[in-house]
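# Observations on chain architecture
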Amino acid sequence: MTRPSSASHAASSALTLAFHGAAGSVTGSCFLLRLGDRSVLIDCGMFQGNKTLQELNRRPLPFDAAALDAVLLTHAHIDHSGLVPRLPLEGFKGPILATAGTVDLLGFMLPDSGFIQESEARRFSRRNRQRGEAQAEPIYSKADAERCLDLIHPIPMGMWRQLCPGMRARFWDAGHILGSASIEIEAAGQKSQPPVRLLFSGDLGPGDKPFHLDPEGPINPDWLIVEATYGGRDRVVLHPDERRRLLAETLKAAFARGGPVVIPAFAVERTQELLYDLDRLFDARALPMADIFLDSPLAINITRIFDRHLPDINEPGTPPPFARNNLHLVEDVEASKGLSRIKGAAIIIAASGMCEAGRIRHHLKNNLWRREATVILTGYQAPGTLGRLLAEGVRRVRIHGEEIIVKAQIDNFDAYSGHADRQGLLRWIESRGRIGRGTFIVHGEEAERQALAAALAAAQPSPHQGADASPILIPSFDSRWLLSESGPSPLEESVPPRISGHAASAPTDWHNDYASTMLSMGATIRALPDDAQRRQLLQKIQGLLRAAEHS
Ligand SMILES: [Zn+2]
């Protein structure tokens, strides 16, 4: 084991940490750790959710990418890795370090993300042309994403890796998805002080997942940066048999309504968990035989990666769950379009999981208005996404500019979780022992971060945290902190945050208000008894608009 080398300029320099994402929002994870003139980035995630947040993906990165010594990725989810292809475009030369599982997943996920960016840009350009506005550029292209893959290198779990003079890192299994890790970083201490140890939790798994064990980690870090996705929620932990029984019940009820069943699925992990459970249910004859269409080239490729990694992550001797006669892999677009003719008991699994992009939007357009159809939501839905709107029970939605009435049954099936709940987070934090200097709570909606902070404070004093318990902090978006021996202190920024803390944590923005206003205006006008009243109302609205124009 090598100690971090302590180049004198680094050893005598301040340690700072900036929160450039997942601070106030769940998405866009990105933390910049600096030791003097050395710097390391932990995650470079894409912002998902309302359009104000998504707009951040187009802005220049809020740091000098060319000056970074290394980038470390906790896992392959796009909200942790999706802006990685921007790094070389802004001058970064590498390396990007991740576990072998993450590297394999990114090989498909980043080019797929580039492809999505290009198709979105094409769609916006078409719309902009019609409006006489400028052409839309993709955030990055598929080719950009493929090029950046050369910079990504695997490092084994548990092995120290020198990042630059004064900093080294090692990965710990986080039990969240294939390849997911918490990252421990040692930074050279001031003068003759011992190294400072930081632990970034990444996303932590719940410990009851089909493919993973409980998350692990080192003890007694000086600084802990911990996620809080479910910081305020306790889940009923279901035995896998019970989870499958509930899934079978939900599907049987859906088939009884006439079908089909549409499942917006996260391509990584949730899709494979579902396929695994469906495989067990069909084999046990707990479900009437029905076709499963996996309609996502990305999810198909990821499932193949799971197949390869199964020996590492599955119970020995378990038969491969991803090869069945009634499982159809739908790779090409024409076959996908053909699925619009599917009626009756069939299951269509398509990405993306929050219904923001991909083939799922076509399936929703085809099925949301059908009373006999069922949509099963199987994962976290970020505020402002179409998935969240459906989960909240809206009756009308807009997809690709078209208004669709929601008559299908919408089921929130929350028996799967990729994330530890409040109890799981508290257990994992307690297992880390005494946190020497401070805990930063990130990656959660505001209420979840507050709830975890309160639960941690209530857990004190514990055997580890006496009267001298270290502070628990909720950093704001784009804030930067000095991490010194005496504790954390916020630094004054010369540049204001890219968006306000309020906008970073607001679940919806004006685009959402606009869409819901347009929808309810259309419905109200159509519901009026006659055309005279419709014209009267429209004149009033136009009067308001004219007044706003002149104010
Ligand atoms: Zn994740």
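Relevant structure appears above.
What you see is a predicted model; the values in this text were computed from it and never measured.

### Re the overall build of the protein chain
Along its length, the protein chain carries 17 helices and 23 strands. Rg of the C-alpha trace for the protein chain: 24 Å, near the compact-globule value of 24 Å for 551 residues, within the 12% margin. Summarising its shape, the C-alpha atoms of the protein chain cover approximately 80 × 70 × 50 Å along the three principal directions. With 551 residues in all, the protein chain has 54% of them scored as buried.

### Some words on the coordination of the zinc ion
Bound to the zinc ion on the protein side are His75 (NE2), His77 (ND1), His176 (NE2) and Asp203 (OD), at distances that span 2.2 to 2.3 Å. Classification of the site at the zinc ion rests on its four donor atoms, whose angles at the metal span 92 to 165 degrees, yielding the label irregular. Here the donor residues for the zinc ion map to a single chain with the spacing H-x1-H-x98-H-x26-D. Residue His75 is located in the loop between β4 (70-72) and α3 (78-81), and its partner Asp203 is located in the loop between β10 (196-200) and β11 (223-227); the two are separated by 128 residues in the primary sequence. The same class applies to His75 and to Asp203, which are both buried.

### A word on the environment of Leu106
Residue position: Leu106 is located in helix α5 (residues 100-131). With 48 residues separating them along the chain, Leu106 and Arg58 place their C-alpha atoms 21 Å apart. Residue contacts for Leu106: discarding those within four places in its chain leaves Leu73, Ala76, Ser81, Pro111, Leu149 and Ile152.

### Remarks on the packing of helix α7 (residues 240-257) against helix α8 (residues 270-283)
Here α7 crosses α8 at 80 degrees, and the two axes come no closer than 10 Å. It follows from the interaxial angle that α7 and α8 lie roughly perpendicular. On α8, the residues that touch Arg243, Arg244, Leu247, Ala248 and Leu251 of α7 are Leu274, Tyr276, Asp277, Leu278, Arg280 and Leu281. When grouped by side-chain class, the residues that make up the contact of α7 with α8 number seven nonpolar, no polar and four charged.

### Here we look at the packing of aromatic side chains
Taken as a whole and judged by the stated rule, the model has seven aromatic pairs. Pairing Trp223 with Phe440 gives two aromatic rings, centres 6.1 Å apart and planes at 25 degrees, and the pair type is stacked. Placement of the pair is Trp223 in strand β11 and Phe440 in strand β20 (residues 438-442), with a sequence separation of 217 residues. Centroid distance Phe413 to Tyr416: 5.8 Å. Interplanar angle 55 degrees. Geometry classified as tilted. With a relative accessible area of 7%, Phe413 lands in the buried category. According to the relative accessible area criterion, Tyr416 is buried, its value standing at 5%. An aromatic cluster is defined as three or more aromatic residues linked by ring pairs; in this entry it consists of Phe19, Phe31, Phe200, Trp223, Phe440 and Trp481. Against the face of Phe124 rests Arg123, its NZ or CZ located 5.3 Å from the ring centre. Of note, Arg168 hangs over the ring of Trp160, and the distance from its end group to the ring centre comes to 3.9 Å.

Parameters and conventions
- Residues numbered from 1 in each chain as written.
- Predicted model: local features only at pLDDT ≥ 70, side-chain atom pairs only at ≥ 80, totals over all residues.
- Heavy atoms only, no water.
- Helix = DSSP H or I, 4+ residues; strand = E, 2+ residues; numbered from the N terminus.
- Rg over C-alpha atoms; globule rule 2.2 N^0.38 Å.
- Buried < 20%, exposed > 50% of the residue type's maximum accessible area, 1.4 Å probe, protein only.
- Donors = N, O, S within 2.8 Å, 3.2 Å for Na, K, Ca; no water.
- Tetrahedral: all angles 85-135°; square planar, octahedral: opposite > 155°, others 65-115°.
- Contact = heavy atoms within 4.5 Å.
- Axes fitted to C-alpha atoms, helices over the stretch in contact; angles between N-to-C directions.
- Parallel < 35°, antiparallel > 145°, perpendicular 65-115°, else oblique.
- Nonpolar A, V, L, I, M, F, W, Y, C, P; charged D, E, K, R; others polar.
- Phe/Tyr/Trp six-rings, centres within 6.5 Å; stacked < 30°, edge-to-face > 60°.
- Lys NZ or Arg CZ within 6 Å of the ring centre and 35° of its normal.

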